[in-house]
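Structural overview for review
Chain by chain, the residues run as shown.
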Amino acid sequence: TLSKAETKFDLYAAEEPVNDEINTVSGQYSQLSNDSLLWGPYRSSLYFGIRPRIPRSLLSGLMWFNVDSYDAIGNLRHVYEQGDNMKKANWVSYDPRTGGRLVVSDQDCHIDVIIDFVKSEDGKSWGTKIKGIPHAGYEKVKTSFVWYSGLEGEGEGKDEYGNKVPERNGYLNLDNKKNVVGYDENVKLSGISEELGFFELEISKGPKSNKHPTDAKLLDPELDTSKSHHYSLTVPDDHVWKARDIFMTMLMESVKELTEKYGDIQDFPPEQAFIIRDLQNFEGNLHFVQNVFEGKCEFDIIFTNALTPEHDRITFDNIKTKADKAIKAFDKKFRQSFLLKAPYNKDKTHDVFAKEILSGLLGGLSYFYGDHLVDRNTVFDEDSFESYQLQGSSEGPHELFTLVPSRPFFPRGFYWDEGFHLLPLLRYDSDLALEVVQSWFNLIDDDGWIAREQILGPELRSKVPEQFQVQSPEIVNPPTLMLIFSELLESIQNPSTYGNINEPQQVLDYGDGKSFDKKDLGLIIIKNPEVMTDYAQKIYPKLKTHFDWFRRTQQGYIEEFDRGTNKEGYRWRGRTLTHCLASGLDDYPRVIPADIAELNVDLLSWVGVMTRSMKSIARFLNYEEDFEKYQKIEKDIVENLDNLHWSDSEKTYCDLSVDDNDENKHICHKGYISLFPFLTKLTPVDDVAKIEQFVDLISDPEELWSDYGIRSLSKSNEFYGTEENYWRSPIWIHINSLILESLQHYSRNSTPLMSKDLKQKISETYKNLRTNVVNNIIKQWKRTGFVWEQYDDKTGKAKGAKNFLGWTSTVLIIMNMDETI
Ligand code: 6A9
């Protein structure tokens, strides 16, 4: 039990947690990697929110609002909302291990908020510099900034039987002089927690050049805008995330009191009316600190862990230099990882764009912790086609370290999105990609299931309509993470594909496998196959369960089609007449009427991908028998793609079902689904007729070709552009990047059977598609300040979710590809 007297910063020496594995290669690796990833803006649903990768710990966040008028409080900024009027809101330079810069250009608050975030070398401490730069014409804009920090896990000790005991395992105090109304000095918090040890957090008032509003007469000494103000209170765990609501409630209470005291609030200068006042006598685990500025302003927040050695600490004096250094380091690492190829290697704008995309993607790196809702009872059969409603009960808690598709719209983990997110990351920091993969694989349960959508804890649930909150172990999602994992293994055998492609000599410089240097972070796996082998061996049994669960739950009724011993045929469970969320291609047209005998071509292709991944993992680990088993399954899948899904009359791949007389029939909706055997490279390279068919489908403007990329559904299809029109015409960038890669693959691995004409056609299609896609994304980015979820096939206009750095960040992979093949 810790008493307050024990917390004097200089005297406190927290004990380093003991890591039993520290003397093993993988132990050293994970220690180093963990330390550098401990802190981050991992509350990615906020404009700026910091937390460690630890359950129930210290959560901090920034809020700001304009105080030139009363209404402006309606635009208080905290959660990153799709609808906010921002010209830009993104990390423009960011490395999760060191830090970077976030720019929010707020058109309602008339200010650019520029945030630099840096970490100490040991990863235990951090600092942030926040600058406000008024927009032209608003030089005297008045802005209120509020910083809050709250400690979860306070007072919740557990005894050896897991019972709650009234022991304090942490607390957070406000240290400034008590009973003072507003401070001329910095505000200082200090605290302690089991995992963090002792720490201090100081919120500066900033340099003398900061101005505070002075034109209005001071109505009450408590409302002096030239001082720092604070408010403290005690909230239970799972409530700290509601800081914004708590702040607003408390502010409105204060306004009410002031009105009672002084009369109509409208007579108050807003910058004074909206000042927080202490009501709790500095006590609590959640603390708000407010500063009000006029015009240009700047202030810092420094978090210092007592364990960080003096020379490594971030201070008000050195934070600027450290922030500049972090930005330079990012630039350098970016140059080493991504080689933008013609025509994107000349114009500076392309460089700026590409860095922003990578930074924004990495800015979505998040840590989630909490329970989720699971339905283990619903069975999907004929009755569920019309519609179904899952009923969930709470399971967990689980933790997840992941990137997210879109911070403002869906800031949570999605299984099949993640594999694509990791493609750019693999090149930049393969170790971090592995951290994320590991975190996901930790979620595989005893049956082999991972929930498609990870809605962990009440904060995430609050963002999802109730009918979509529940997950089912019968419902899968394309297994892209297995693909990434096997690619990681392959990168060990062929290191030049990832990491510093500009400086391959560094990658080839294998360490002795016994000790690591911090500068190697990001490349350790590639340099030390031992680490990866160790993990692959450990995780292999779980992956097998995952693979078996996937095939078992989605097994099709293949007997209907009389295919002898080859049973490779699958049906997505959980579809309705209009949607198949499991497939990821939600409203893409499927067989109507729905039938439990249906077989899906995209699913068979995905099982093929998964099988190939298992095969390559088995090969890596020299599991001969398993390798052969997977090889056989893969062969059967390739065979059945043609047996079951190729339609001779339509000359394309289709879903298969039965008609009223139980006769087989193909249901063909030309579009992304018809391309799956090609996208997954399962079509053999010597099957020239099929390859030609894919290329024709892609390059025909009456079918899939548009000036901005390959559209999801053919223009000739009866459902083209109808209803929600989500996957029924818009262009999706990750699928376009797969198309480009497949074109490259079939051209580079072509056999003598391929005609010159076809080869020529492939190169033209490839070259034009690549520039169409990239040019349009950049054009829309210039126009809107963001990249988006989809692009319209008729106009190229961006649509859907904003700041959608998930799949759209595969544009980096595309810019990195050769101009011609
Ligand atoms: C629920 C939120 C204001 C739909 O990118 C994530 C997924 C993909 O995995 C899937 O393939 N997106 C694609 O078809 C977005 C799903 C978002 C669910 C939003 C409502 C409302 O919040």
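What counts as what
Residues numbered from 1 in each chain as written. Predicted model: local features only at pLDDT ≥ 70, side-chain atom pairs only at ≥ 80, totals over all residues. Heavy atoms only, no water. Disulfide = S-S within 2.5 Å. Buried < 20%, exposed > 50% of the residue type's maximum accessible area, 1.4 Å probe, protein only. Helix = DSSP H or I, 4+ residues; strand = E, 2+ residues; numbered from the N terminus. Expected span 1.5 Å × (residues − 1). Polar contact = N/O pair within 3.5 Å; in protein donor to acceptor, adjacent residues only side chain to side chain. Contact = heavy atoms within 4.5 Å. Pairing = 2+ DSSP bridges. Axes fitted to C-alpha atoms, helices over the stretch in contact; angles between N-to-C directions. Near = heavy atom within 4 Å. Areas by Shrake-Rupley, 256 points an atom, 1.4 Å probe, with all protein chains shown as cover. Core = buried A, V, L, I, M, F, W, Y, C linked by side-chain atoms within 4.5 Å.

1. Regarding the state of the cysteines
- A full pass over the atoms with the stated rule returns one disulfide.
- Here Cys-580 is not cross-linked by a disulfide; its sulfur's nearest cysteine counterpart is in Cys-654, at 16 Å.
- Judged by its relative accessible area of 2%, Cys-580 falls in the buried class.

2. Some remarks on helix H5 (residues 348–363)
- The terminal C-alpha atoms of H5 lie 22 Å apart, and with 16 residues this matches the ideal 22 Å at 1.5 Å per residue to within 8%.
- His-350, Phe-353, Ala-354, Lys-355, Glu-356, Ile-357, Leu-358, Ser-359, Gly-360, Leu-361, Leu-362 and Gly-363 are the residues of H5 that are buried.

3. What about the side chain of His-287?
- Assignment of secondary structure puts His-287 in strand E15 (residues 286–294).
- From its side chain, His-287 meets the backbone oxygen of Leu-172 in a polar contact 3.0 Å long.
- Engagement of the side chain of His-287 in a polar contact is seen with the backbone oxygen of Gly-284, the distance being 3.2 Å.
- If near-sequence neighbours (up to four positions away) are discounted, His-287 is found in contact with Trp-147, Tyr-148, Ser-149, Leu-172, Asn-173, Leu-174, Leu-189, Tyr-231, Ser-232 and Phe-282.

4. What to know about the sheet that holds strand E13 (residues 197–203)
- The eight strands are arranged E4-E5-E6-E7-E16-E13-E12-E11 in an open sheet whose pairing can be described as antiparallel. Sheet topology places strand E4 (86–95) and strand E11 (170–174) at the edges, where each strand pairs with a single neighbour. For this sheet, the mean inter-axis angle between neighbouring strands, taken without regard to orientation, is 10°.
- The pairing of strand E6 (residues 111–119) with strand E7 (residues 126–134) spans nine bridges and is classified as antiparallel. Each bridged residue has a counterpart across the sheet, and for Val-118 the counterpart in E7 is Gly-127.

5. Some details on the site of the ligand
- As a structural note, the neighbourhood of the ligand is formed by 15 residues, with Trp-416, Asp-417, Gly-584, Asp-586 and Trp-727 the closest of them.
- At 3.0 Å, a side-chain N or O of Trp-727 approaches an oxygen atom of the ligand.
- Burial of the ligand by the surrounding chains reaches 79%, relative to a free accessible area of 560 Å².

6. Comments concerning the nonpolar core
- Counting 189 residues, the largest nonpolar core has Trp-147, Phe-441, Phe-485 and Ile-739 as the members making the most contacts within it.
- If one sorts the elements of this core by residue count, helix H13 (residues 601–620) sits on top with 11 residues.
- Formed by 31 residues, the second largest nonpolar core is a distinct cluster that contains Leu-59, Phe-65, Val-235 and Ala-243.

7. Structural notes on the sheet that holds strand E1 (residues 39–40)
- As summarised here, the arrangement of the six strands in space is E1-E2-E3-E8-E15-E14, forming an open sheet in which the pairing is antiparallel. Across the chains shown, the open sheet's two edge strands, defined by having one partner strand only, are E1 and strand E14 (229–233).
- As defined by bridge partners, strand E8 (residues 142–151) adjoins E15 across nine bridges and the pair is classed as antiparallel. In the sheet register, Thr-143 faces E15, and the bridge partner there is Phe-293.
- Relative to E15, helix H2 (residues 243–262) is tilted by about 70°, and along the sheet it contacts strand E3 (58–66), E8, E14 and E15.

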